[in-house]
Amino acid sequence: WDNADFSRGVGTTFYQEFHTLNTAKPPFVRDVEAKIRRYMRSSYSAAWTLKITWEKAPAYAARTDTRRTNTYQAILTTDGFKSYVLMLYQQGGMQWDYTRLPATNVLIGYT
């Protein structure tokens, strides 16, 4: 994500925090819980969730190309004991032209 470049005024970053310990859960949090239950095959009830969205983010350096942008999200959630990260990308995956980036060993995800 450090290769996104918002310096040209293209793209936006949003975030929304959900405190759901002992409160009613909005549909978004219930969907996150369902995904974790399905993919991890475990019971899960979120106490806290953070949704971060990078919308129409151009690749670094934006001065060379602001037309090929990406929209992606990271969702961090915890029940107080276990924590998860969901990484969601726009339909069709990353749209940046990685051959024009300063480094061409680009990865989607984390280690």
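Residues numbered from 1 in each chain as written. Predicted model: local features only at pLDDT ≥ 70, side-chain atom pairs only at ≥ 80, totals over all residues. Heavy atoms only, no water.

1. Here's the deal with the packing of aromatic side chains
Two numbers describe a pair of aromatic rings. These are the distance of the centres and the angle of the planes. What counts is decided by this rule: Within 6.5 Å between ring centres, the rings of Phe, Tyr and Trp (the latter by its six-membered ring) count as paired, and their orientation is classed by plane angle as stacked under 30 degrees, edge-to-face over 60, tilted in between. Numbering of helices and strands runs from the N terminus, with a helix taken as a DSSP run of H or I at least four residues long and a strand as a DSSP run of E at least two residues long. Any residue under 20% of the maximum accessible area for its type is buried, any over 50% is exposed, and the rest in between are partly exposed; the area is computed with a 1.4 Å probe on protein chains only. Comment: the charge-over-ring label is applied if NZ (Lys) or CZ (Arg) is within 6 Å of the ring centre and within 35 degrees of the ring normal.
Taken as a whole and judged by the stated rule, the model has 4 aromatic pairs. Between the aromatic rings of Trp54 and Tyr72, the centroid separation amounts to 5.1 Å while the plane-to-plane angle is 20 degrees, which identifies the pairing as stacked. Here the residue Trp54 occupies a position in strand E2 (residues 48-58), and Tyr72 occupies one in strand E3 (residues 69-78), the gap between them amounting to 18 residues. Comparing Trp54 with Tyr72 shows no difference in burial state: the two are buried. Within the aromatic cluster, the residues linked to one another by ring pairs are Trp54, Tyr72 and Tyr89. The side chain of Arg38 reaches across the aromatic face of Tyr39, ending 4.9 Å from its centre. For Lys51, the ring lying beneath its charged end belongs to Phe28, and the centroid distance is 4.4 Å.

So, to be careful, I would describe these as geometric facts and stop short of saying anything about function.
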